[in-house]
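Letter by letter, the chains look like this.
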Amino acid sequence: MIISNPVLPGFHPDPSILRVGTDYYLATSTFEWYPGVRLHHSLDLVHWRPLGGVLTDQLDMTGNPDSGGVWAPCLSWADGVFYLVYTDVKSYSGFWDTPNYVVTATSIDGPWSEPVPLHARGFDPSLFHDDDGRSWLLSNRTDWRPGHPWANGIIVQEFSRATGRLVGPVFDLYSGTAAGMTEGPHLYAKDGWYYLITAEGGTEWFHQATVARSRSLLGPYETDPGTPLLTSVHRPDLTLQKAGHGSLVSTPDGEWYFAHLAGRPLTPRGRCVLGRETALQRVAWTADGWPRIDGGIPHDEVPGPDLPAHPWPDEPETDDFSSLGPHWSTLRRAAHSDWIAVGGGSLRLVGGRSAGALSGESLVARRIQHRRATFEATVLFEPAGYQQMAGITAYYNSRNWYFLRIGWNEEAGAIVDVLASDRGRVTLIAPAVPVSGPTRLRFDLDGDALLASCGDVEWGPFDAGVLSDEHAREFDGNGPRTWGFTGAFFGLWSQDLTGGGLPATFSAATYKPQP
Ligand code: 6LW
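First, a word on what this report is: a plain description of the structure on this page. (Residues numbered from 1 in each chain as written. Predicted model: local features only at pLDDT ≥ 70, side-chain atom pairs only at ≥ 80, totals over all residues. Heavy atoms only, no water.)

## Details of the packing of aromatic side chains
Given two aromatic rings, one states the distance between the centres and the angle between the planes to describe the pair.
Point 1. Tallying each qualifying case throughout the model produces 32 aromatic pairs.
Point 2. Across the ring face of Trp 312, the terminal group of Arg 49 is positioned such that the distance to the ring centre comes to 4.5 Å.
Point 3. Lying over the aromatic face of Trp 339, Arg 333 brings its terminal NZ or CZ to 4.1 Å of the ring centre. (Phe/Tyr/Trp six-rings, centres within 6.5 Å; stacked < 30°, edge-to-face > 60°. Lys NZ or Arg CZ within 6 Å of the ring centre and 35° of its normal.)

## Structural notes on the sheet that holds strand S41 (residues 489–496)
Point 1. In space, the eight strands of this open sheet follow the order S4-S27-S30-S41-S32-S33-S34-S35, with antiparallel pairing throughout. The open sheet is flanked by strand S4 (33–34) and strand S35 (425–434), the only strands paired with a single partner.
Point 2. Sheet analysis places strand S27 (residues 328–331) next to strand S30 (residues 362–367), joined by three bridges and oriented antiparallel. In the strand pairing of S30, Thr 330 is matched with Val 364. (Pairing = 2+ DSSP bridges. Helix = DSSP H or I, 4+ residues; strand = E, 2+ residues; numbered from the N terminus.)

## A word on the pairing of strand S18 (residues 208–214)
Side-chain direction in a regular strand flips from residue to residue, so the side chains alternate between the two faces of the sheet.
Point 1. By the criterion of burial, S18 is predominantly enclosed, with seven of the seven residues buried.
Point 2. With burial as the criterion, each face of S18 is covered, one bearing Gln 208, Thr 210, Ala 212 and Ser 214 and the other bearing Ala 209, Val 211 and Arg 213.
Point 3. In this sheet, S18 lies alongside strand S17 (residues 193–200) in antiparallel orientation, the contact comprising seven bridges. Across the sheet, the residue bridging to Thr 198 is Thr 210, located in S18.
Point 4. Bridging between S18 and strand S20 (residues 230–231) involves two bridges; their strand directions are antiparallel. Following the sheet pairing, Gln 208 is matched in S20 by Thr 231. (Buried < 20%, exposed > 50% of the residue type's maximum accessible area, 1.4 Å probe, protein only.)

## With respect to the environment of Ile 297
Point 1. In this structure, Ile 297 sits in the loop between strand S24 (291–292) and strand S25 (301–303).
Point 2. Remark: the alpha-carbon pair of Ile 297 and Gln 281, spanning 16 residues in sequence, is separated by 8.9 Å.
Point 3. Beyond its immediate chain neighbours, meaning those up to four positions away, Ile 297 contacts Leu 230, Thr 231, Arg 235, Leu 238 and Gln 281. (Contact = heavy atoms within 4.5 Å.)

So far we have only geometry, and geometry alone does not tell us how the molecule works.
Right under this line is the structure:
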């Protein structure tokens, strides 16, 4: 078999890979989107199916900034229990507020426990379960002080599985290499060594995966003389850019793989509309015990493991909304019947707040996973004023989106037009077409061009590059006012700024990759 990268296309960054028996799991970051921590499952490392996400009511992301929320998770397993550690990042611009939590379950499908607070010294928490029955929580440590690098090394503290609490002192574990910005730690034991994998260089074009090892868990750690394990930094020609932030897994027969994030810019070192995705690379070990990836670069195609192929059934392109399936995510609040309901072939959204509220939005969306794709849905919505609107959106974050919507104006009453936001600057795009009854709305995405249409009326093409990590990143005097860590979505959106909760009904939502 051949692994075709990315194995998880679209917004799936910071992969934590885990094998339990013959089951492989990937856990990826979800930021301001629910469910928190997205899970995928495979039996052969080639074919992956979405399991949806873990965190619903365990998270309160009311008011979380764009690209705040759940950063890199770590999924682990010990003595029949799954452990998931994660951060709910409340602020990252200047000061850092990075509370970490752990939830547990005896089945990957849950139920997952209530979150137990750990510490907030830094982000990228990772649990390591040693052969002596002790467990250890790693993370980076942040530094808010002006003039100091924001990353201040990797730290470790013992975690008691019996009490679910941190115990004992905090140790400095590893200060990283000259690449800097050392984060994303994961620890592994093999052949009498402790191997520490970290992400360095920042999650952009200089990103890399670094390996260090020690005979003692608490170090000192020696950096691999052949560092880095993986990077795209010297190869702007590669499809997979930003390669870094990864984790190791072995098959029962001792074949090793490295799951890592990568971005596929529309042009060399350009804009990544699909966000940071997950790819897999094959790992060999040198005679003196260092991991190696062929050429130290990310490959589009990788020899798969010697395992029987286990493909999964294809997902239907059109959703009948018999349930809210694993492709759908909701923004800054978990799906609850007070605002979202499915059944009878449709999805009903109670009109919520605007994008700028950073809370109470009624937006349910699915990741865009292909450079060329269409998205359409039938919308029934009867606004009585200009403060009510519903339709489909191509959405990156609260400041960057396109909204093909049923709105209202004094001249025609209910109309269809496009509302667009580019770094918070909102424009109304004509024509405004009178409308009534169930209305079919459609987006056509082709690389950096997004076309909106309703019947034979078209708007655009618009710049889809607005919906990218690179465009979403905004700076102020303190540093990054807004990061761009997520990815583009197609979604269903209903707003009622009167506070009256006017509902919109959506049906036949169809996402179709295009050749
Ligand atoms: C993540 C950090 C990183 O926590 O970006 O790529 C941060 N590396 O390790 C958000 O994805």
